[in-house]
Amino acid sequence: MHRTEELYGQFQTVEQQREASTLGMWVFLVTEILFFGGIFLTYTVNRQAYPTAFGIGSRTLDLTLGTLNTGVLLASSFTMAMAVWASQAGKKKLITLFLALTLILGGIFLGVKVIEYAQKFEHHLVPGRSFAMPPEDVPAEAAATDPDLETHAQLFFSLYFAMTGLHALHMLVGAGLLAWLLRGSLAGRFTTRYNTPVEVVGLYWHFVDIVWIYLFPLLYLIDRHKPG
Amino acid sequence: MSEHITSPRVYLAIILTLMALTAATVGAALADLGPLNIILALVIATSKATLVVLYFMHARYSPRRTQLVVIAGIFWLAILLVMTMADYLTRSWQRL
């Protein structure tokens, strides 16, 4: 099979190559939808069963940091989309710039996540033997509606760590892919005819953003209007 | 089929809408809307996800074949969620 700089041997045109690659990425993303779907389903079943404990758990999360991180991740999707545009328009320096910005924003997101995780460890909100609900976060009537509040709150935090952890793992993979793209971009590999890697990694990055678009309201915004 | 290039102006309009919707969902969560709280949160999240899929991920300008894969994925997720919740939410009904 012969291969030129921009066209792999099994394809006849760059358009065919691009369509095949993006279709392949979408098929992978569909498996990711079902992968995350299972844990979203687990969350939905348990939230519906223990609404009081989930509400209390949700209100202990830092709304300011959560909102900030949502903005940071959305901005990173924008810079990623701009990197794809720069590669299509053949603006080589801008590809590098926007890829670097995306990587930096992704890093900020993960850094904020580390701060949030550390707070949860400090406040004994990590499920396990030292788990303890702070009394000031538990309204008096809550214990009456759910006698096993502490167990069910641990369920919320287990899901919080599983869902955000899995999301953060995907972000780390994305950061690795971005670093790989940056290397290619610095070597001038991406042209108007060959930019499929940028487009395909972009699809993955936007997918991870969509997962967060749902995680943010589901984890941070339950019963926010209630006191406590 | 030639490639569709989305212009930076479109991306800018999308990101500004996404940021506004984020502010809206936080604002809505701070108000007591009863059962509407969760519905509104999910409607806003789905609007945001739709914008990302259609414009950032170029699904709007993708070949039909690719669009079919996207829709199939969402459809299967809907089966997973709807069928399971149809079970869990109706379990208490039998005790009349």
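The structure displayed is predicted, hence computed values, not measured ones.

Thresholds, definitions, all that
Residues numbered from 1 in each chain as written. Chains lettered and ligands numbered in written order. Predicted model: local features only at pLDDT ≥ 70, side-chain atom pairs only at ≥ 80, totals over all residues. Helix = DSSP H or I, 4+ residues; strand = E, 2+ residues; numbered from the N terminus. Rg over C-alpha atoms; globule rule 2.2 N^0.38 Å. Buried ≥ 20, exposed ≤ 12 C-beta atoms within 10 Å, placed from the backbone. Domains from an automatic or database assignment. Contact = placed C-beta atoms within 7 Å. Nonpolar A, V, L, I, M, F, W, Y, C, P; charged D, E, K, R; others polar. Axes fitted to C-alpha atoms, helices over the stretch in contact; angles between N-to-C directions. Parallel < 35°, antiparallel > 145°, perpendicular 65-115°, else oblique. Left-handed = near helix turned anticlockwise from the far one by under 90°. Expected span 1.5 Å × (residues − 1).

### Notes on the overall build of chain B
Argument step 1. When helices and strands are counted, chain B shows 3 helices and 0 strands.
Argument step 2. Listed by position from the N terminus, the elements making up chain B come as α-α-α.
Argument step 3. Scaling as 2.2 N^0.38, a compact globule of 96 residues should have a C-alpha radius of gyration of about 12 Å, whereas chain B reaches 18 Å, well beyond that.
Argument step 4. Its C-alpha atoms give chain B principal-axis dimensions of roughly 60 × 35 × 10 Å.
Argument step 5. Taken across its 96 residues, chain B has 22% of its residues classed as buried.

### A few points about the overall build of chain A
Argument step 1. A tally of regular secondary structure across chain A gives 7 helices and 0 strands.
Argument step 2. Reading the secondary structure of chain A in the N-to-C direction produces α-α-α-α-α-α-α.
Argument step 3. In terms of overall dimensions, chain A has C-alpha extents of about 70 × 30 × 30 Å along its principal axes.
Argument step 4. Here chain A holds 228 residues, and the buried ones make up 37% of them.

### Overview of the domain arrangement of chain B
All names here are of chain B.
Argument step 1. When cut into domains, chain B gives domain 1 (1-62) and domain 2 (63-96).
Argument step 2. Each of domain 1 and domain 2 was reduced to a C-alpha centroid, and the two centroids are 22 Å apart.
Argument step 3. The interface is formed by 4 residues belonging to domain 1 together with 4 residues belonging to domain 2.
Argument step 4. Per-class residue counts for the side of domain 1 that touches domain 2 are 3 nonpolar, 1 polar and no charged.

### Considering the interface of chain B and chain A
In many reports, interface size means the accessible area that the parts give up when they come together.
Argument step 1. Facing the 39 residues of chain B at the interface are 37 residues of chain A.
Argument step 2. Considering each element in turn, the side of chain B that touches chain A owes the most residues, 13 residues, to helix 3 (residues 64-90) of chain B.

### So, unusual backbone geometry
Argument step 1. Its identity is not glycine, yet His124 of chain A carries a phi of approximately 55 degrees, on the positive side.
Argument step 2. Along the chain, the position of His124 of chain A falls in the loop between helix 4 (92-122) and helix 5 (142-145).
Argument step 3. By the C-beta count within 10 Å, which is 13 here, His124 of chain A ends up partly exposed.
Argument step 4. In this structure, His58 of chain B takes a positive phi of about 60 degrees despite not being glycine.

### A closer look at helix 2 (residues 51-59) of chain A
Think of an α-helix as 3.6 residues a turn; residues three or four steps apart then line up on the same face.
Argument step 1. Taken together, the buried positions of helix 2 of chain A are occupied by Thr52, Ala53, Phe54, Ile56, Gly57 and Ser58 of chain A.
Argument step 2. In the core, the buried residues of helix 2 of chain A are packed alongside helix 1 (14-49), helix 5, helix 6 (149-186) and helix 7 (196-220) of chain A.

### Quick look at the environment of Ala75 of chain A
Argument step 1. Summarising the element assignment, Ala75 of chain A is placed in helix 3 (residues 63-89).
Argument step 2. Each C-alpha atom of the pair Ala75 of chain A and Leu105 of chain A lies 7.5 Å from the other, and the pair is 30 residues apart in sequence.
Argument step 3. Ignoring any residue separated from it by four or fewer positions in sequence, one finds Ala75 of chain A in contact with Leu105 of chain A together with Ile15 of chain B.

### Points about the environment of Met85 of chain B
Argument step 1. Here Met85 of chain B shows up in helix 3.
Argument step 2. With 56 residues separating them along the chain, Met85 of chain B and Ala29 of chain B place their C-alpha atoms 23 Å apart.

### Observations regarding the packing of helix 1 of chain A against helix 7 of chain A
All names here are of chain A.
Argument step 1. Look at helix 1 against helix 7: their axes get within 10 Å of each other, and the N-to-C directions meet at 20 degrees. As the angle between them shows, helix 1 and helix 7 are arranged roughly parallel. In the packing of helix 1 onto helix 7, the handedness of the crossing is right-handed. Side by side, helix 1 and helix 7 meet where Gln17, Arg18, Ser21, Thr22, Met25, Trp26, Leu29, Glu32, Phe36 and Tyr43 of the first sit next to Thr196, Glu199, Val200, Leu203, Tyr204, Phe207, Val211 and Leu218 of the second.

### Focus: helix 1 (residues 8-30) of chain B
Argument step 1. An ideal rise of 1.5 Å per residue puts 33 Å on 23 residues; helix 1 of chain B measures up with 34 Å between its terminal C-alpha atoms.
Argument step 2. Buried residues of helix 1 of chain B: Tyr11, Ile14, Ile15, Leu18, Thr22, Thr25, Val26 and Ala29 of chain B, and no others.
Argument step 3. Those residues of helix 1 of chain B that are buried lie in contact with helix 3 and helix 7 of chain A together with helix 2 (36-56) of chain B.

### Some details on the packing of helix 2 of chain A against helix 6 of chain A
Residue and element names in this part refer to chain A.
Argument step 1. Remark: helix 2 packs on helix 6, axes separated minimally by 8 Å, with the N-to-C direction vectors making an angle of 60 degrees. Overall, the two elements helix 2 and helix 6 adopt an arrangement that is oblique. Judged by the twist between their axes, the crossing of helix 2 over helix 6 is right-handed. Facing helix 2, whose interface residues are Thr52, Ala53, Phe54, Ile56 and Gly57, helix 6 presents Leu149, His152, Ala153, Phe156 and Phe157.
Argument step 2. Here the residues of the contact of helix 2 with helix 6 are counted per class, giving 7 nonpolar, 3 polar and no charged.

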